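Here are the chains, one letter per residue:
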Amino acid sequence: MTSSQNNAATPSILVALFKYKAWANDELLTSLLQLEDVGQKDDRHMAIRILNHTYVVDQIFRAQLLGESHSFAATNTPETPMLAALAAAIAVSDAWFVQYVSRLNAAELSQMLKFKFTDGDAGTMTREEILHHLITHGGYHRGAAGRILVQHGTAPPRDVFSGFLHKTDPARREA
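Here the structure is a predicted model, which means the values were calculated and not measured.

Novice: Describe the nonpolar core, naming the residues involved and giving the relevant values.
Specialist: Formed by 26 residues in total, the largest nonpolar core has its most connected members in Phe18, Ile130 and Leu131. For this core, the secondary-structure elements that each account for two or more residues are α2 (12-32), α3 (41-66), α4 (83-103), β1 (112-116), α6 (127-151) and α7 (161-168). Ranked by residue count, the leading element in this core is α2, at 7 residues. Counting 14 residues, the second-largest nonpolar core is a separate cluster that includes Leu28, Leu32, Ile50 and Ala145.

Novice: Residue-level account of the packing of aromatic side chains, with values.
Specialist: The full count for this structure, using the stated rule, is 6 aromatic pairs. Note on Phe115 and Phe117: the rings are 5.0 Å apart at their centroids and 75° apart in plane angle, and the pair reads as edge-to-face. Here the basic side chain of Arg62 rests over the ring of Trp96, its NZ or CZ set 4.1 Å away from the ring centre.

Rules of the game
- As a convention, each chain's residues are numbered from 1 in the sequence order in which they are written.
- Two thresholds apply to this predicted model, a pLDDT of at least 70 for residue-level local features and 80 or more for giving and counting side-chain atom pairs, whereas whole-chain, interface and lining totals are computed over all residues.
- Excluded from the side-chain calculations are hydrogens and water; all other atoms, namely the structure's heavy atoms, are used.
- Here, the term nonpolar core denotes a set of buried Ala, Val, Leu, Ile, Met, Phe, Trp, Tyr and Cys residues that are joined through side-chain atoms within 4.5 Å.
- For the exposure calls, accessible area comes from a 1.4 Å probe over protein chains only, and a residue counts as buried if that area is under 20% of its type's maximum, exposed if over 50%, partly exposed in between.
- Put simply, DSSP H or I for four residues or longer makes a helix, DSSP E for two residues or longer makes a strand, and each gets a number counted from the N terminus.
- Aromatic rings from Phe, Tyr and Trp, taking only the six-membered ring of Trp, are treated as a pair when their centres fall within 6.5 Å; an angle between ring planes under 30 degrees marks them as stacked, one over 60 as edge-to-face, and anything in between as tilted.
- The criterion for a charge sitting over a ring is simple: Lys NZ or Arg CZ within 6 Å of the ring centre, and within 35 degrees of the ring normal.

Printed below as a string of C-alpha coordinates:
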(Lines give C-alpha, C1' and ligand atoms only; values in the text may rest on other atoms or scores of the structure.)
Protein backbone atom coordinates (compact mmCIF):
# COMPACT_ATOMS: atom_id res chain seq x y z
CA MET A 1 0.00 0.00 0.00
CA THR A 2 1.38 3.38 -0.92
CA SER A 3 1.46 6.17 1.63
CA SER A 4 -1.24 8.05 -0.29
CA GLN A 5 -3.51 4.99 -0.07
CA ASN A 6 -2.62 4.61 3.59
CA ASN A 7 -3.75 8.17 4.33
CA ALA A 8 -6.90 8.05 2.20
CA ALA A 9 -10.11 9.12 3.88
CA THR A 10 -12.53 6.58 5.28
CA PRO A 11 -14.40 4.72 2.55
CA SER A 12 -17.69 6.45 1.85
CA ILE A 13 -19.59 3.23 2.56
CA LEU A 14 -18.58 3.31 6.23
CA VAL A 15 -19.68 6.93 6.57
CA ALA A 16 -22.93 6.12 4.75
CA LEU A 17 -23.58 3.17 7.05
CA PHE A 18 -23.23 5.32 10.17
CA LYS A 19 -25.54 7.95 8.66
CA TYR A 20 -27.99 5.13 7.94
CA LYS A 21 -27.66 3.90 11.54
CA ALA A 22 -28.52 7.38 12.83
CA TRP A 23 -31.49 7.64 10.48
CA ALA A 24 -32.81 4.17 11.36
CA ASN A 25 -32.43 4.80 15.10
CA ASP A 26 -34.35 8.07 14.81
CA GLU A 27 -37.13 6.46 12.76
CA LEU A 28 -37.56 3.61 15.26
CA LEU A 29 -37.41 5.79 18.38
CA THR A 30 -40.04 8.10 16.88
CA SER A 31 -42.29 5.10 16.21
CA LEU A 32 -41.87 3.79 19.74
CA LEU A 33 -43.46 6.96 21.06
CA GLN A 34 -46.75 5.48 19.79
CA LEU A 35 -46.66 2.75 22.45
CA GLU A 36 -48.19 4.86 25.19
CA ASP A 37 -51.17 2.78 26.31
CA VAL A 38 -51.10 1.17 29.75
CA GLY A 39 -51.51 -2.24 28.09
CA GLN A 40 -48.35 -1.61 26.10
CA LYS A 41 -46.23 -0.45 29.02
CA ASP A 42 -44.28 -3.71 29.47
CA ASP A 43 -43.56 -4.06 25.77
CA ARG A 44 -42.53 -0.42 25.48
CA HIS A 45 -40.22 -0.96 28.45
CA MET A 46 -38.68 -4.01 26.72
CA ALA A 47 -38.10 -2.03 23.51
CA ILE A 48 -36.40 0.74 25.49
CA ARG A 49 -34.21 -1.83 27.27
CA ILE A 50 -33.20 -3.32 23.91
CA LEU A 51 -32.25 0.07 22.47
CA ASN A 52 -30.53 1.12 25.69
CA HIS A 53 -28.38 -1.99 25.32
CA THR A 54 -27.31 -0.90 21.83
CA TYR A 55 -26.52 2.58 23.17
CA VAL A 56 -24.40 1.16 26.01
CA VAL A 57 -22.50 -1.13 23.63
CA ASP A 58 -21.86 1.85 21.34
CA GLN A 59 -20.46 3.78 24.31
CA ILE A 60 -18.29 0.88 25.45
CA PHE A 61 -16.76 0.50 22.01
CA ARG A 62 -16.46 4.27 21.62
CA ALA A 63 -14.22 4.22 24.70
CA GLN A 64 -12.24 1.32 23.20
CA LEU A 65 -11.80 3.23 19.92
CA LEU A 66 -10.45 6.22 21.83
CA GLY A 67 -8.25 4.17 24.17
CA GLU A 68 -10.25 5.37 27.15
CA SER A 69 -11.93 3.59 30.03
CA HIS A 70 -15.68 3.45 30.45
CA SER A 71 -17.90 3.15 33.51
CA PHE A 72 -20.10 0.27 32.34
CA ALA A 73 -20.02 -3.01 34.26
CA ALA A 74 -22.43 -4.70 31.83
CA THR A 75 -23.90 -4.19 28.38
CA ASN A 76 -27.02 -2.54 29.77
CA THR A 77 -27.71 -0.25 32.68
CA PRO A 78 -29.58 -1.36 35.81
CA GLU A 79 -32.07 1.48 35.36
CA THR A 80 -34.17 2.04 32.27
CA PRO A 81 -33.95 5.56 30.87
CA MET A 82 -36.97 7.53 29.77
CA LEU A 83 -37.50 7.15 26.02
CA ALA A 84 -36.97 10.85 25.27
CA ALA A 85 -33.68 10.91 27.20
CA LEU A 86 -32.49 7.74 25.46
CA ALA A 87 -33.44 9.13 22.05
CA ALA A 88 -31.47 12.31 22.74
CA ALA A 89 -28.42 10.34 23.95
CA ILE A 90 -28.54 8.05 20.91
CA ALA A 91 -28.79 11.06 18.56
CA VAL A 92 -25.68 12.61 20.13
CA SER A 93 -23.84 9.29 19.96
CA ASP A 94 -24.83 8.66 16.36
CA ALA A 95 -23.66 12.15 15.35
CA TRP A 96 -20.34 11.51 17.10
CA PHE A 97 -19.82 8.25 15.20
CA VAL A 98 -20.60 9.87 11.84
CA GLN A 99 -17.99 12.55 12.53
CA TYR A 100 -15.52 10.02 13.90
CA VAL A 101 -15.63 7.67 10.91
CA SER A 102 -15.45 10.64 8.54
CA ARG A 103 -11.98 11.50 9.86
CA LEU A 104 -10.37 8.05 9.82
CA ASN A 105 -7.82 6.93 7.29
CA ALA A 106 -6.94 3.42 6.12
CA ALA A 107 -4.08 3.02 8.59
CA GLU A 108 -6.33 3.96 11.50
CA LEU A 109 -9.08 1.61 10.30
CA SER A 110 -6.68 -1.34 10.17
CA GLN A 111 -5.16 -0.65 13.59
CA MET A 112 -5.58 -3.56 16.01
CA LEU A 113 -7.05 -2.56 19.38
CA LYS A 114 -6.83 -4.65 22.53
CA PHE A 115 -9.54 -4.29 25.15
CA LYS A 116 -11.56 -6.07 27.81
CA PHE A 117 -15.19 -7.03 27.39
CA THR A 118 -17.49 -6.25 30.32
CA ASP A 119 -17.32 -9.92 31.37
CA GLY A 120 -13.54 -9.53 31.77
CA ASP A 121 -12.55 -11.51 28.68
CA ALA A 122 -9.83 -10.04 26.49
CA GLY A 123 -10.62 -8.91 22.97
CA THR A 124 -8.70 -7.74 19.93
CA MET A 125 -10.34 -6.21 16.88
CA THR A 126 -9.35 -3.72 14.25
CA ARG A 127 -10.94 -0.32 14.45
CA GLU A 128 -12.84 -1.16 11.26
CA GLU A 129 -14.10 -4.46 12.71
CA ILE A 130 -15.40 -2.63 15.78
CA LEU A 131 -17.21 -0.12 13.59
CA HIS A 132 -18.78 -2.85 11.46
CA HIS A 133 -19.79 -4.68 14.62
CA LEU A 134 -21.65 -1.58 15.82
CA ILE A 135 -23.53 -1.32 12.52
CA THR A 136 -24.66 -4.96 12.50
CA HIS A 137 -25.31 -5.05 16.25
CA GLY A 138 -27.59 -2.02 16.05
CA GLY A 139 -29.52 -3.42 13.08
CA TYR A 140 -30.10 -6.73 14.84
CA HIS A 141 -31.53 -5.07 17.93
CA ARG A 142 -33.59 -2.49 16.01
CA GLY A 143 -35.25 -5.49 14.38
CA ALA A 144 -36.11 -6.93 17.78
CA ALA A 145 -37.53 -3.62 18.97
CA GLY A 146 -39.42 -3.20 15.69
CA ARG A 147 -41.02 -6.59 16.23
CA ILE A 148 -42.62 -5.19 19.39
CA LEU A 149 -44.31 -2.50 17.28
CA VAL A 150 -45.71 -5.19 14.98
CA GLN A 151 -47.22 -7.02 17.97
CA HIS A 152 -49.23 -3.88 18.68
CA GLY A 153 -50.42 -3.32 15.14
CA THR A 154 -47.91 -0.59 14.30
CA ALA A 155 -45.78 -1.06 11.23
CA PRO A 156 -42.12 -0.50 12.12
CA PRO A 157 -40.10 1.86 9.97
CA ARG A 158 -38.45 0.27 6.95
CA ASP A 159 -34.99 -0.28 8.40
CA VAL A 160 -33.14 -0.98 5.17
CA PHE A 161 -30.03 0.65 3.76
CA SER A 162 -31.54 0.96 0.27
CA GLY A 163 -34.53 2.81 1.73
CA PHE A 164 -32.21 5.22 3.54
CA LEU A 165 -30.22 5.91 0.37
CA HIS A 166 -33.34 6.64 -1.68
CA LYS A 167 -35.04 8.72 1.00
CA THR A 168 -31.96 10.88 1.63
CA ASP A 169 -31.08 11.14 -2.08
CA PRO A 170 -34.39 11.15 -4.01
CA ALA A 171 -32.57 11.59 -7.33
CA ARG A 172 -31.69 7.89 -7.09
CA ARG A 173 -35.36 7.12 -7.84
CA GLU A 174 -35.08 8.83 -11.23
CA ALA A 175 -32.87 6.14 -12.72
